[in-house]
Amino acid sequence: MANIHDHIIRDGDQHFMIDPATRVITNTTANKTSLMQYDHNSERFSFEIPKIVEGHDMSISDSVQIHYLNTGDNRTDKKYGIYEVASDDITTITGTKGDGSDDKLVFSWLISDQATQYSGTLSFAILFACKNQNGDITYRWSTAIHNAIVINPSMDNGEVIIEDYVD
C-alpha cells in the first residue's frame, strides 16, 4: 500500500514585491533569505505585482513562469529550471480605489528540490507571456534577476546507504 503525503503548503509570509517600472523583485521580509539544501515542496515564495503594467492587464497572461538557477558554492555545480505557475494560483486582489487602478496580482512558487539541489545560491526571474492561437508569443514581460537567496548546506544520505542499521 502506497503512502500518499499530499497537502497544501500555505505561505503566511509577506510577499516579494515586483516593481513594474524597475522590474526589481524586492524581498519585503528578512525571513525569506535562505532555504535548506534538498528541501522539497516545503517552502512557498509568494509574489505581488500591479495587475496593470504599462497598460497591459497581467491577469490575462497565458503563461507565468519562474526561471531559476541554483548555483553551488564551488560555482561549477548548476541546476537550471522553470516553474510554471498554475492558473488557479494567480489571484487578483481588489484595490481600495475601486476603479481597478490599484488592483494587484498575487501568485506563488512551490520550491522543489530541483531549486535546492546545491548549497550556494538561488537566483530567479519571473516571465509573463501571452500567445496567439498559433502558439506564437505576442507579449513577453520579464523581471530583473533576484539573486539574494542562500541555500544552506544540509545532508541527505538516502541514495548512498546500501544497508540500513537500526540505531
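Before reading further, recall that the structure is shown in the block above.
Residues numbered from 1 in each chain as written. Predicted model: local features only at pLDDT ≥ 70, side-chain atom pairs only at ≥ 80, totals over all residues. Heavy atoms only, no water.

(A) Inspection of the overall build of the chain at higher detail. Scanning the chain for helices and strands turns up zero helices and 13 strands. Listed N to C, the secondary structure of the chain is β-β-β-β-β-β-β-β-β-β-β-β-β in terms of helices and strands. Relative to its 167 residues, the chain shows a buried fraction of 36%. Within the chain, contacts between residues separated by at least 24 positions form 67% of all contacts whose residues are at least 6 apart in sequence. Summed over all atoms, the accessible surface of the chain reaches about 10500 Å², with 47% contributed by carbon and sulfur. (Helix = DSSP H or I, 4+ residues; strand = E, 2+ residues; numbered from the N terminus. Buried < 20%, exposed > 50% of the residue type's maximum accessible area, 1.4 Å probe, protein only. Contact = heavy atoms within 4.5 Å. Areas by Shrake-Rupley, 256 points an atom, 1.4 Å probe, with all protein chains shown as cover.)

(B) Main features of the nonpolar core. Counting 27 residues, the largest nonpolar core has Phe45, Phe47, Ile49, Phe107, Trp109, Phe124 and Ile126 as the members making the most contacts within it. Residue assignment for this core shows that the elements contributing at least two residues are β1 (16-18), β4 (43-50), β7 (63-72), β10 (104-111), β11 (120-131), β12 (137-142) and β13 (146-152). Sort the elements by how many residues they give to this core and β11 lands first, with five residues. Setting aside residues up to four positions removed in sequence, Phe47 forms contacts with His15, Phe16, Ile18, Ile25, Ile66, Leu105, Val106, Phe107, Ser108, Trp109, Phe124 and Ile126. (Core = buried A, V, L, I, M, F, W, Y, C linked by side-chain atoms within 4.5 Å.)

(C) Layout of the pairing of β11. Among the twelve residues of β11, ten are classified as buried, and the element is accordingly described as predominantly covered. Bridging between β7 and β11 involves ten bridges; their strand directions are antiparallel. Within the sheet, the bridge partner assigned to Val64 lies in β11 and is Phe128. Bridge count between β11 and β13: four bridges; the pairing is antiparallel. Across the sheet, Gly120 pairs through a bridge with Ile151, a residue of β13. For β11 and β12, the ladder comprises five bridges, and the chain directions are antiparallel. Its bridge partner lying in β12, Leu127 is registered against Ser142. Counted between consecutive antiparallel strands, the loop separating β11 from β12 contains five residues, among which Gly135 sits at a positive phi close to 90°. (Pairing = 2+ DSSP bridges.)

(D) Region of interest: the pattern of salt bridges. If you walk through the whole model with that rule in mind, you get two salt bridges. Among the ionic pairs, Asp89 bridges to Arg44, the shortest N-O distance being 3.9 Å. With Asp89 in the loop between β8 (78-84) and β9 (91-93) and Arg44 in strand β4, the pair connects residues that are 45 residues apart, well separated along the chain. Note that Asp57 is salt-bridged to Lys51, the shortest N-O span being 3.9 Å. (Salt bridge = Lys/Arg side-chain N within 4 Å of Asp/Glu carboxyl O.)

(E) Examining the sheet that holds β4 more closely. If you walk across this open sheet you meet the five strands as β2-β1-β4-β10-β9, and the pairing is mixed. Taken across any chain shown, the strands that pair with only one partner, and hence form the sheet edges, are β2 (25-27) and β9. Direction aside, the axes of adjacent strands within the sheet are offset by 30° on average. The pairing of β1 with β4 spans two bridges and is parallel. By the bridge assignment for β4, Met17 is matched with Glu48. (Axes fitted to C-alpha atoms, helices over the stretch in contact; angles between N-to-C directions.)

(F) Structural detail: the environment of Val85. Tracing the chain through its elements places Val85 in the loop between β8 and β9. It is 10.0 Å that separates the C-alpha atoms of Val85 and Ile126, two residues lying 41 residues apart in sequence. Residues within four places of Val85 in sequence aside, it is in contact with Val64, Ile66, Ile90, Phe107 and Ser108.

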